Amino acid sequence: MSYLSLSAARVAASLAMGALLGAAPALAETSIIIGLQQEPTSLDPTADATASIDGMLETNVYESLTTVDESGEVLPALAKSWEISEDGLTYTFKLEEGVTYHDGTTFDSADVVYAFTRAMAEGSTNPSKGIFKPIASVTAVDPSTVEIKLTEKDAFFLFNLAQGDAAIVAEESADANNTTPIGTGPFKFDSWTRGDKLVLVKNPDWRDAADVSLDKVTFRFIADAAAASAAMMAEEVDAFPGFPAPELMPQFEADPRFKTEIGSTEGEVILAMNNSKPPFNDLKVRQAVSYAINRDEIIDGAMYGMAVPIGSFYPPHGPAYEDLTGTYPHDTAKAKELFTEAGVEGTTMTLRVPPFPYAMRSAEIIQAELSAAGIDAKVENVEWGFWLEEVYKKKNYDMTIIAHTSPNDMGNFAKGPDYFYGYDNPEFTALWDSIRTESDPEKRNALLKQGQEELAQQAVHGFLFQLPRLSVIKANIDGFWTSSPVLYQPLAGVTVN
Amino acid sequence: MGYFLFRRTLGFVLTLFAVSVVVFAVMNVLPGDPALTILGLDATEDALAALREQLGLNDPLLTRYVHWVWNALHGDFGISHSFGIPVAGLIGERLPMTISLAVSGMIFTVILALVMGIGAAANHRKPGDWGMMFISQLGIAIPAFWLSMLLVLLFAVKLRWLPPGGFAGWDDPVAAMRSLILPTVALALVQSSVLARVTRSSALEVMRQDFVRTARATGFSRRRILWRHVLPNALVPIVTIVGMQFAALVTGTIVIENVFYLPGLGRLIFQSISNRDLPTVQALVMLFAAIVVTANFIVDLLYVVIDPRLKARA
């Protein structure tokens, strides 16, 4: 009897072993390595504007009240639902319950109040402090309800809340987020080897953890475009969203190991002209520049054909987009005529270019195009810190090339003559005020079209193209966004087949 | 010797002092606002003002400098503006990478250069000499950046023998050495080509001297004459160049670390300059300066070892 039971136990044990061994492949860790060009110096999106902080961490480690999908539509996140009062000034958010931060502390309305109060405080260094400006008060009604009152209507409020700048950080961990980010998202921060890589691991306690298939995500920082390409080719890296070299895309397209995607971003690339000083305070000169530039030639030369031309300051994938590229069609003779009329033919202007490939490459082509129209443009390649100080802050420039990557940023033109555009148009400022306070999407889109037309007519800048988002991804990986309406890239939906 | 050491130490301190003044001045003359770099294009004026206050950028220049020197003398290199953590820690975590790379580069340079240089001298005016001089000419002419890409394409992408970049860390010595091979070659090929030429001409000069002829007449083997008699006497110019090359190797890591995405000091200094992260740049430049000055100091000491005649003069 005892012998029998012993052997029965053995059989049971070996069965259990077999079950374990059989289950082993299913337990294998799913991990991917993502290449990233830009390494941040801080991991706190509420204190540093570096795009890759949001790119790696927002919606993955940190969560905000709302989030957006690939099309830019606002969806619930930490707020599972919300109500907006009749007058559009009171937002009541119902929060997800039972949520915990990665350090074990619980999430409730007090955290929301803390996060907003911190961002709005006088000494706050939030890089997008402007998005909190319309807020009058943030109140915790009960542990799972928050009421936010605004001083004026804000059509972009829910969208803005979805950004990393508005991540709901906890009082217990906020100060250390700089090096050890703590959030409520589907992935937990594991480690950061500065100069090398950042590792996230799956958060099994996340509310939809069952739908997350990645167990581990490693971001590798590879700044150099040629090195990025080599790392992909050698399969040291599994995905490179935001691939830096358009000229190398065909090579990956032809390789069955990879798939390539060309999506859109919120980045309008403009040939900015200093509207506050001669000669660009003269509409004729700005029109002449607009006639002189040939967008197709610029896109072919600078982006290897991988970009969509724009005729005003609004992304082509947006709901209010109007194609205004025909407002000032490329016409060198006409440009020359206008330059002569304005009395600037043959003068020299400087084109100060920040150190981004799209800008440096565009500059050379624009220089040639302006020269054909009788203007001698001197290209000055400057370093980013210099650009920020001299061009952006001190408006010490004639022309420059820059991509404006924030969403809903037509308001830049309503910032008045102190902004580096030097554009002063009270009518446009009034129009922008009605755009950002209009809650009816249809009416707002009509106003946005009006805004685009005004900017195109005024030829405020040379509007060049929408910055594309190029991705190279291994063929067996799905779920990466093709376009990016925001700075982040959610990884909860990424799968490896 | 005592006087020599005193003079050297004084030189060391004065050099570092001069470097600190120059870096501080240059970083402040250079247009660029650290607060704006950190907070970006959408930052509001009051957020920028708050950050400037936090970083202590509103204090007068001289106050900041004196403050910095005082703290540095007490071993405190400050908090990085952009990383928000102590600079000493930042440098500490990157130092092993750069030292590994510079040292392996130095070893590679010296071995390759001595073999090539002595080999060429021994085969003077023969095909071996011409071949080696041609290769070293090529090594000098090829930019390290371009060579790096070629090496990666061949050994990492095509043959898959070595990783295309990154550093595995010394926890796994084999992986660490594998990830150092390509960067070392890219970093050191130019230097070893230069050194090979110096070695060759220095060796040729020694070979023309009487004692070598005497040695040959005594019937010593060619190899013994070359390595035991020619090389030691040809070392003075070689060591001089090696000292300068060590400095070039350390600074050369800036390019190489970017191409091979290695987490070393070169990438850190690059990033810090872009971010106008004054405390980090300041400390790093001081460190590089100290390395260069120390390398020169060691060379001076080596002269005495190599050439005993100098001892009397020192």
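Conventions and cut-offs
- Residues numbered from 1 in each chain as written.
- Chains lettered and ligands numbered in written order.
- Predicted model: local features only at pLDDT ≥ 70, side-chain atom pairs only at ≥ 80, totals over all residues.
- Heavy atoms only, no water.
- Helix = DSSP H or I, 4+ residues; strand = E, 2+ residues; numbered from the N terminus.
- Buried < 20%, exposed > 50% of the residue type's maximum accessible area, 1.4 Å probe, protein only.
- Contact = heavy atoms within 4.5 Å.
- Areas by Shrake-Rupley, 256 points an atom, 1.4 Å probe, with all protein chains shown as cover.
- Lys, Arg positive; Asp, Glu negative; His and termini not counted.
- Charge placed at Lys NZ, Arg CZ, Asp CG, Glu CD.
- Salt bridge = Lys/Arg side-chain N within 4 Å of Asp/Glu carboxyl O.
- Domains from an automatic or database assignment.
- Buried area = accessible area lost by both parts, 1.4 Å probe.
- Polar contact = N/O pair within 3.5 Å; in protein donor to acceptor, adjacent residues only side chain to side chain.
- Nonpolar A, V, L, I, M, F, W, Y, C, P; charged D, E, K, R; others polar.
- pLDDT = per-residue confidence, 0-100.
- Pairing = 2+ DSSP bridges.

Undergrad: Even after reading the chapter, I still don't get the overall build of chain A, so can you show me in this structure?
TA: Helices and strands together make up the secondary structure of chain A, namely 13 helices and 19 strands. Seen along its three principal axes, the alpha-carbon backbone of chain A occupies a region of about 110 × 55 × 35 Å. Expressed as a percentage of its 497 residues, the buried residues of chain A come to 55%. Contacts in chain A between residues far apart in sequence, at least 24 positions, make up 69% of those at least 6 positions apart. Carbon and sulfur atoms make up 52% of the accessible area of chain A, which totals about 19,500 Å². The centroid of the 36 positive side-chain charges in chain A is displaced by 2 Å from the centroid of its 72 negative side-chain charges.

Undergrad: Would you take a moment to explain the overall build of chain B for this structure?
TA: Counting its secondary structure elements, chain B contains 13 helices and zero strands. Going from the N terminus to the C terminus, chain B shows its helices and strands as α-α-α-α-α-α-α-α-α-α-α-α-α. Counting only C-alpha atoms and orienting by the principal axes, one finds that chain B spans roughly 85 × 60 × 35 Å. Burial status across chain B gives 49% buried among its 314 residues. Summarising the internal contacts of chain B: among those between residues at least 6 apart in sequence, 73% fall at separations of at least 24. As displayed, chain B has an accessible area near 15,400 Å², and 70% of this comes from carbon and sulfur atoms.

Undergrad: How should I be thinking about the pattern of salt bridges in this particular structure?
TA: Any two side chains of opposite charge can pair, given that their charged atoms come close. Residue and element names in this part refer to chain A. This model, assessed by the stated rule, comprises 31 salt bridges over all chains. A salt bridge links Glu96 to Arg207; its shortest N-O distance comes to 3.7 Å. Of this pair, Glu96 sits in the loop between strand 5 (90-95) and helix 3 (109-120) while Arg207 sits in the loop between strand 9 (197-202) and strand 10 (216-221), and the two are 111 residues apart along the sequence. The exposure class assigned to Arg207 is partly exposed, which follows from its relative accessible area of 31%.

Undergrad: It is not clear to me how the environment of Val61 of chain A should be interpreted in this structure. Could you clarify?
TA: Residues and elements named next belong to chain A. Position of Val61 among the secondary structure elements: in the loop between helix 2 (51-57) and strand 2 (66-68). On the basis of relative accessibility, which here comes to 0%, the residue Val61 falls in the buried class. In this structure Val61 touches His102, Pro181, Gly183, Thr184, Gly185, Phe187, Lys188, Phe189 and Leu200, once residues within four positions along its chain are discounted.

Undergrad: What exactly am I supposed to notice about the domain arrangement of chain B here?
TA: Interface size is commonly expressed as the accessible area that is lost once the parts come together. All names here are of chain B. When the domains of chain B are assigned, the result is domain 1 (2-73) and domain 2 (91-313). Between the C-alpha centres of domain 1 and domain 2 the distance comes to 33 Å. Contacts between domain 1 and domain 2 engage 21 residues on the former and 17 residues on the latter. Roughly 1,700 Å² is buried in total at the junction of domain 1 and domain 2, and carbon and sulfur atoms are behind 76% of that figure. Of all residues in domain 1, the largest losses of buried area upon contact with domain 2 belong to Arg8, Met27 and Trp68, amounting jointly to 31% of the total for that side. On inspection of domain 1 and its partner domain 2, the count reaches one salt bridge. Across the salt bridge formed by Asp300 and Arg8, the nearest N and O atoms sit 2.2 Å from each other. Counting every contact that joins domain 1 to domain 2 gives four residue pairs in polar contact (both at pLDDT 80 or more). Elements with a contribution of two residues or more to the side of domain 1 that touches domain 2: helix 1 (2-29), helix 2 (34-39) and helix 4 (61-73). It is helix 1 that contributes the most residues to the side of domain 1 that touches domain 2, twelve residues altogether. Of the residues assigned to the side of domain 1 that touches domain 2, the class counts are 13 nonpolar, five polar and three charged.

Undergrad: Help me out: how do you make sense of the confidence of the model for chain A in this one?
TA: The predicted coordinates of low-pLDDT regions are not to be read in fine detail. In the predicted model, chain A carries a mean pLDDT of 91, and 95% of its residues have values of at least 70. Within the model, the stretch residues 1-26 of chain A combines pLDDT values under 50 with zero contacts to residues more than four positions away or in other chains.

Undergrad: Would you explain the domain arrangement of chain A in this entry?
TA: Residues and elements named next belong to chain A. When cut into domains, chain A gives domain 1 (62-172), domain 2 (187-265 + 469-496) and domain 3 (268-466). In this structure, domain 1 and domain 3 have C-alpha centres spaced 34 Å apart. On the side of domain 3, nine residues touch domain 1, which itself brings six residues to the contact. Taken together, both faces of the contact between domain 1 and domain 3 bury some 730 Å²; the carbon and sulfur share is 57%. Taken together, the connections running from domain 1 to domain 3 amount to one salt bridge. Note that Glu152 and Arg436 form a salt bridge whose closest N and O atoms lie 2.8 Å from each other. For the pair domain 1 and domain 3, the number of links is two residue pairs in polar contact (both at pLDDT 80 or more). By residue class, the composition of the side of domain 1 that touches domain 3 is three nonpolar, no polar and three charged.

Undergrad: Honestly, the interface of chain A and chain B in this entry has me stumped. Any pointers?
TA: On the side of chain B, 46 residues touch chain A, which itself brings 48 residues to the contact. It is Thr41, Thr125 and Arg194 of chain A in chain A that bury the most area against chain B; as a group they hold 17% of the surface buried on that side. Run the count over chain A and chain B and you get five salt bridges. Note that Lys393 of chain A and Asp33 of chain B form a salt bridge whose closest N and O atoms lie 3.0 Å from each other. Elements with a contribution of two residues or more to the side of chain A that touches chain B: strand 10, helix 5 (225-233) and helix 11 (384-393) of chain A. Among the residues forming the side of chain A that touches chain B, the class breakdown is 19 nonpolar, 14 polar and 15 charged.

Undergrad: I tried to follow the environment of Asn160 of chain A on my own but got confused; where do I start?
TA: Residue and element names in this part refer to chain A. Looking at the element boundaries, Asn160 is found in helix 4 (residues 157-161). Judged by its relative accessible area of 15%, Asn160 is buried. Expressed as a C-alpha distance, the spacing of Asn160 and Tyr101, which sit 59 residues apart in the sequence, is 22 Å. With sequence-adjacent residues up to four places away left out, Asn160 is seen in contact with Ile131, Asp154 and Ala166.

Undergrad: For this particular structure, what's the right way to read the pairing of strand 7 (residues 145-150) of chain A?
TA: Residues in a regular strand project their side chains so that they alternate between the two faces of the sheet. All names here are of chain A. The pairing of strand 5 with strand 7 spans five bridges and is antiparallel. Counted as the bridge partner of Thr92 is Glu147 from strand 7. Pairing between strand 6 (residues 135-142) and strand 7: six bridges, direction antiparallel. Pairing of Asp142 across the sheet is with Thr145, part of strand 7. Hairpin connection between strand 6 and strand 7: a loop of two residues separates the two successive antiparallel strands.

Undergrad: What's the story with the environment of Glu235 of chain A in this structure? I'm lost.
TA: Its place among the elements puts Glu235 of chain A in the loop between helix 5 and strand 11 (239-241). For the pair Glu235 of chain A and Lys474 of chain A, spaced 239 residues apart in the sequence, the C-alpha separation amounts to 8.4 Å. Setting aside chain neighbours within four positions, we find Glu235 of chain A in contact with Arg257, Phe258 and Lys474 of chain A together with Arg160 of chain B.

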